[in-house]
Structures are given as C-alpha cells and as structure tokens.
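# Breakdown of the fold
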Amino acid sequence: MTMTKIKLRFNQQQLELIDNTVRSGESNSREDLIRRALREFAKANLPQPEKDQ
Amino acid sequence: MTSSDRKLLYELVIQPGTGKALEMRRGQVLRISQTSGRQCADFNCFNLHDYKEFFHTGRTRHLHGLHPTTGDFLWSAPPRERPMMAIIEDTVGTNDVLYPRCSAFLFEYQYGLPVHTNCHDIQAEAQREYGLTPDDVHDSFNFFMHTGVGQDGHPFIAKNTAGPGDYVELLALIDVLAVPNVCGADVMMTSDFELKPLKLSLYEGTEADWARVTEPPKMRSQRNPLNYKVKNIKSDRELYKDATYTPDFTNVPIEIADVEVELSAEEMGLLSEFSKTGKYGDTDADVLRYVFFTWWIDEFMRGPKHVPKA
C-alpha cells in the first residue's frame, strides 16, 4: 500500500494536549490520533459516497 | 422563587441619574425590578474584600454569549476568573454584555451635550461611597438592554421590551459590592428615550436559590494575589521600571517539534479534498493540523466552541 508521509509542526503545549488525549485512551499514539481526526472530520464535513442499493 | 419566600433585607428605588453601591454577602439575592418598564440598568460589581477583582464583560461574553440570562454567571477578570454572581431569574431575557457603558464623552461627541447623565459618571459617583475612583469603573453588565449584531457586523440597540414589574435576580457567590444604576442614556434607544426609576430589593437567599446554580468549574489556573509575583497594589500613579525584574513567562521558550504521520492513499484523498478548498491552509501539513485541532475542539473541548462550521 502506498503511504505518504506528512510532517506536522507542533509546539510543546500542543503536544501536551495530544499526549494527554492519547494517555486518556482515545488512541494508541499521536499518529493514530491525527489519522482518526482526519477520518472523523472528513466523515462529518465531506459528502459521503452513496451506498449501492 | 417568589420574593415572599425570602427575608427582605433592604429595598430602595433608585431615581433617574443615580445608582447605589450595595454590600452583598455570599448567598444574598439582589433583585433589580422595573417600575414603569423599558429601563436599562447598568451594573458593576467588585469583590467586597479586594476591589482589584471585578466583573469582566469579556470572559462573561466569551462563555455565555452576547445576551447572558438565567443560569449564566457574572465572571471576574483574569487571572481570578471565577463566577462572582449567578443570574437565577430573568423575566425579560434581553441583557447585553456587548456595549460599553455610556460616558460624558459620548454625549458630547455624538450629541453636543457636554454635561449629561451617563453610566460612567453615575457609576463613579455611586462607587465613591466606597473610596473608588472614576478609573475603577469597569465595563458594565447591561440588564434589560435589548441589542443585537447586524449582517454588517455592527451592533445595534433595539426597542426596550421590559414591562412594569419585570426583573432580574442575582445570587452573590462571593461577598461583593454590587452597583446598579439607572442608565443615563435618554437620547438613545436604550431605555426608549425616557429615564425611569428602578427598584432594588436585597434578600437573604434560600436553598431554593442555590439549587438554581450549577456547580462552576474550579481550576488551578484561577489565581489570586497569593499567587502573584507582585502582591501589593501600587499606591502611586507614576509607572517606573523594577530594576530587579527578570522575565518569567509561562512555557517560554516555545519549542517546535515535528510529528511525522503516514497517510494511506485513501486518507491522502480525504486530505486533498480539504486542501483544494483553500480554506484550511497552504500545505498538506497546515491543513492536517487545522483539521486535527478543529476535530479535537468539537470532540473534547468543554464550553462554547467558537469555531465556524467547515
């Protein structure tokens, strides 16, 4: 599977928020949490493909 | 809650052009009532034991919107940032924390009236009874002031809808100096171009009053003078440099780190959908960070979100 690497810039306070969220059990890692955000944000804000009847 | 269920401690009708500073202990209730109706009441309040803690329109507006009403708090300014009073009843629902107090300057500049009743000077005169100066008057909570914001982003004042006998009730959550005044604006829409008296009733609060208040947040960041590096209030007006000062800002230096995220082709497809709108940032990394925090705010943040819909 083709994977693309994206390098995000965060400061220590933003990382604290991310790490707190991971520690609370919302995700396994920073990276997983960011991918979850993308998928859920897209589901909420992009038109969803129509399912076959 | 009917007033007959409570013990009345004090009652006063304040006349047009006047206000009154009232000492309130925690648990007491102030009712501000209309007499003939359609009258705006401006309001200041201070911590009775430390006047440097006072009501802050900004934080109140941030947390409760432009028109706070029953169930909302009157917050003090940062870094104290705690509820000073709770609105436990509001029979009208047209309060305002957007407009500043009217002032002598405003009437002179806009109307050519250099000597005119105005909320700043009325507040200052009422607060003088407790040794406060005109510089201590702060932006007011405007009860019964019917306002809005137009499509062009400019605020407006609408017709006052408060009728005779309408009232708001405030429960003191700490000991306060509460200072209501009859708004002095008689050449604006604020009070329908006529100044009318307001009735003030101070009651001993009851358990039923406390039952109407939700538990406010208590955070470590709500500080008081014991936490301040400078603990004493300046007693002179001149500003001069402290030669011993060494900067000690929070979390400084701000340090940047990279987090590398691998995205599948499907995830890249989603990201590119956001990128091509041009609304979220210039690079894929900027867009993904925007998406992440916007999602996080929606998912986890407490209180009002303050973000536009995607």
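Here's what I pulled together on the structure shown here.

Rules behind the numbers
Residues numbered from 1 in each chain as written. Chains lettered and ligands numbered in written order. Predicted model: local features only at pLDDT ≥ 70, side-chain atom pairs only at ≥ 80, totals over all residues. Helix = DSSP H or I, 4+ residues; strand = E, 2+ residues; numbered from the N terminus. Rg over C-alpha atoms; globule rule 2.2 N^0.38 Å. Buried ≥ 20, exposed ≤ 12 C-beta atoms within 10 Å, placed from the backbone. Contact = placed C-beta atoms within 7 Å. Core = buried A, V, L, I, M, F, W, Y, C linked by C-beta atoms within 7 Å. Pairing = 2+ DSSP bridges. Axes fitted to C-alpha atoms, helices over the stretch in contact; angles between N-to-C directions. Parallel < 35°, antiparallel > 145°, perpendicular 65-115°, else oblique. Nonpolar A, V, L, I, M, F, W, Y, C, P; charged D, E, K, R; others polar.

The next thing to look at is the overall build of chain A. Along the backbone of chain A there are two helices and one strand. Traced from its N-terminal end to its C-terminal end, chain A shows the element sequence β-α-α. Its C-alpha radius of gyration of 14 Å places chain A more than 25% over the 10 Å reference for a compact globule of 53 residues. Overall size of chain A, expressed as C-alpha extent along the three principal axes, is 45 × 25 × 20 Å.

All names here are of chain B. Looking at where D175 falls in the secondary structure, it is placed in the loop between β11 (167–172) and β12 (176–182). A residue is classified by how many C-beta atoms lie within 10 Å of it, and D175, with 17 of them, is partly exposed. Note: C-alpha distance between D175 and K229 (54 residues apart in sequence) is 25 Å. Not counting residues within four places of it along the chain, the set of residues in contact with D175 comprises M24, R25, R26, L48 and H49.

Attention shifts here to the nonpolar core. Counting 50 residues, the largest nonpolar core has B:L30, B:A41, B:C45, B:M85, B:F143 and B:V176 as its most contacted members. Sequence-distant contacts of B:M85, defined by excluding residues within four places in its chain, comprise B:C45, B:F73, B:L74, B:L170, B:L171, B:A172, B:L173 and B:V176. One finds A:I6, A:L33, B:V259 and B:L263 within the second-largest nonpolar core, a separate group that totals 21 residues.

A word on the sheet that holds β11(B). Residues and elements named next belong to chain B. Strand order in the open sheet formed by six strands is β1-β13-β3-β11-β7-β6, with antiparallel pairing between adjacent strands. Two strands in the sheet have a free side with no partner beyond their single neighbour: β1 (7–14) and β6 (73–75). Put simply, the sheet's adjacent strands are angled 20 degrees from each other on average, direction ignored. In terms of strand pairing, strand β3 (residues 28–34) meets strand β13 (residues 198–204) through seven bridges, oriented antiparallel. Along β13, the bridge assignment pairs R31 with S201.

Quick look at the packing of helix α5 (residues 265–275) of chain B against helix α6 (residues 284–300) of chain B now. Packed helix pairs are characterised by how far apart their axes lie and by the angle those axes make with each other. Residues and elements named next belong to chain B. At a closest axis distance of 10 Å, the pairing of α5 and α6 adopts a crossing angle of 95 degrees. Between α5 and α6, the interaxial angle falls into the category roughly perpendicular. Contact with α5, carried on its side by L271, F274 and S275, involves D284, V287, L288 and V291 of α6 and no other residues of that element. Taken together, the residues of the contact of α5 with α6 break down into five nonpolar, one polar and one charged.

Moving on, we get to the interface of chain B and chain A. Each partner contributes residues to the interface: chain B has 29 residues there, and chain A has 27 residues. For the side of chain B that touches chain A, the elements supplying multiple residues, two or more each, are β14 (256–264), α5 and α6 of chain B. By residue number, the principal contributor to the side of chain B that touches chain A is α6(B), which donates ten residues. Its residues placed into classes, the side of chain B that touches chain A shows 18 nonpolar, three polar and eight charged. As paired elements, strand β1 (residues 3–11) of chain A and β14(B) share nine bridges and run antiparallel to each other. Across the sheet, residue A:L8 finds its bridge partner in β14(B), namely B:V259.

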